[in-house]
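Here is what each chain is made of, one letter per residue.
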Amino acid sequence: MENIKNGGGKTMFKKRAIISLLFIVMLVSFSSGCSNKPAALQDGKETAEIIQFPITLTDRLGRQVTIEKQPQRIISIAPVNTEILFAVGLGDKVVGVTDHCDYPREATEKKHIGSFSEPNIELILNLQPDLVLASSGVQDEYVKTLENLGVTVFTVGPKSIDDTLKTIELVGQITGQNEAAHKITADMRRKLQSVTDKVKNAKKIEVFWEVWNEPLMTVGPNTFVNSLIELAGGVNIAADAAKDYPEYSLEVLIERNPKVYLAGAHPGIDINKIKERKGYEKISAVKNNRIYLLDSNLVSRPGPRIVDGLEEIAKAIHPELF
């Protein structure tokens, strides 16, 4: 049965706003060409190799980027990149962020250089960065512009947890914070293992993830959230959709009858309002009060907190295991 609706008369403005939001929180995949130096053994313990500058690595766009010296003035033009930079101890080196960079709190006090989808080139140049950390996709045009202006730009953008770990270690390499990045990913791997061990023998539960309500939109097969649902012991009922972010009909939602209904918390969304929607009384998740609102940043930003987001999803799907 077709589960993708054809437009529905929605305005192009609304769709562009939704897609822009999705790009902000759901970044594209990390390049397989990005290289990582192996960890070294010191006194029987695994440690990250010390980085020597200049260093040349391949970014998400397949560009060979040379970092001449350890960056001292860094601009982040993606919220997840900002989180990574602060996590590896570079908060004092970050001189500019986007309007959407809201974590950690200290990031909000940095100079703003515009939005994620429309960073201001003039403001970026005025801050004289020696490194701009960007994301591929909607920012590709800006990356080329900055590159032509002589600015060192490196793009990242993981799609899975494994890619996220590699990206954090990569950011550690290009900024000279390899050891700090290695410690972060080691902790993340331990927590990831703990969560997946708890759910590995549990029955798979049918899950629906609401991205937007008007029109009703969800996550398809090639999305970060879909991979998190699977790791958390769930089955995304829209995993067979033809698009990554399809519109989903109420009829198919009722037919597939998810046992758990998940949505990112945002202004205007409320569990009781979801329950009151016409037709929703037929859905198992509604009947059994299995509707959960999760922190959108935790579950959608592929950075150091993503394993916390995975744990929250797993708790919602298999509360009996936590």
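See the structure printed just above.
Residues numbered from 1 in each chain as written. Predicted model: local features only at pLDDT ≥ 70, side-chain atom pairs only at ≥ 80, totals over all residues. Heavy atoms only, no water.

> How would you explain the overall build of the chain if you had to name every residue and give the values?
Along the chain, the regular secondary structure elements total 12 helices and 13 strands. Partitioning the intrachain contacts of the chain with sequence separation of at least 6 by distance along the chain shows that 64% fall at a separation of at least 24. Total accessible area on the chain is roughly 14,900 Å²; 49% of this is exposed by carbon and sulfur atoms. (Helix = DSSP H or I, 4+ residues; strand = E, 2+ residues; numbered from the N terminus. Contact = heavy atoms within 4.5 Å. Areas by Shrake-Rupley, 256 points an atom, 1.4 Å probe, with all protein chains shown as cover.)

> Requested: an account of the nonpolar core, with residues and values cited.
Formed by 55 residues in total, the largest nonpolar core has its most connected members in Phe154, Ile161, Trp209, Leu262 and Ile313. Sorting elements by how many residues they give to this core places helix 12 (residues 306-317) first, with seven residues. In contact with Leu262, other than residues within four places in its own chain, are Val207, Phe208, Trp209, Glu210, Tyr292, Leu294, Ile313 and Ala316. Within the second largest apolar cluster, 16 residues are counted, among which are Tyr248, Ile269, Ala285 and Ile291. (Core = buried A, V, L, I, M, F, W, Y, C linked by side-chain atoms within 4.5 Å. Buried < 20%, exposed > 50% of the residue type's maximum accessible area, 1.4 Å probe, protein only.)

> So, the packing of aromatic side chains: which residues are in play, and what are the values?
Using the criterion set out here, one finds three aromatic pairs in the structure. Clustering of aromatic rings is evident, with ring pairs tying together Phe208, Tyr248, Tyr261 and Tyr280. One cation-aromatic arrangement involves Arg305 over Tyr103; the distance from NZ or CZ to the ring centre is 3.6 Å. (Phe/Tyr/Trp six-rings, centres within 6.5 Å; stacked < 30°, edge-to-face > 60°. Lys NZ or Arg CZ within 6 Å of the ring centre and 35° of its normal.)

> Any chance you could break down the side chain of Glu210 for me, citing the residues and the numbers?
With respect to the element layout, Glu210 can be found in strand 10 (residues 205-210). Within the local environment of Glu210, its side chain forms a polar contact with the side chain of Tyr261, the two groups lying 2.6 Å apart. Residues within four places of Glu210 in sequence aside, it is in contact with Leu216, Met217, Tyr261, Leu262, Ala263, Gly264, Ile269, Arg277 and Tyr280. (Polar contact = N/O pair within 3.5 Å; in protein donor to acceptor, adjacent residues only side chain to side chain.)

> Go over helix 7 (residues 224-231) with me, naming the residues and quoting the values.
When you tally the buried positions in helix 7, you get six out of eight residues, the bulk of the element. Where helix 7 is concerned, the buried positions are Phe224, Val225, Asn226, Ser227, Leu228 and Ile229. Along its buried surface, helix 7 packs onto helix 5 (161-175), strand 10, strand 11 (234-236), helix 11 (296-300) and helix 12. Once helix 7 ends, the next one or two residues include Gly233, with phi positive near 90°.

> Got a sec to walk through the sheet that holds strand 6 (residues 94-97)? Specific residues and values, please.
Read from one edge of the open sheet, five strands run 7-6-5-8-9, paired in parallel fashion. In this open sheet, the two edge strands, each paired with only one partner strand, are strand 7 (111-112) and strand 9 (153-156). Examined bridge by bridge, strand 5 (residues 74-76) and strand 6 share two bridges and lie parallel to one another. Across the sheet, residue Ile74 finds its bridge partner in strand 6, namely Val94. (Pairing = 2+ DSSP bridges.)

Treat this as a map of the structure, not an account of what it does.
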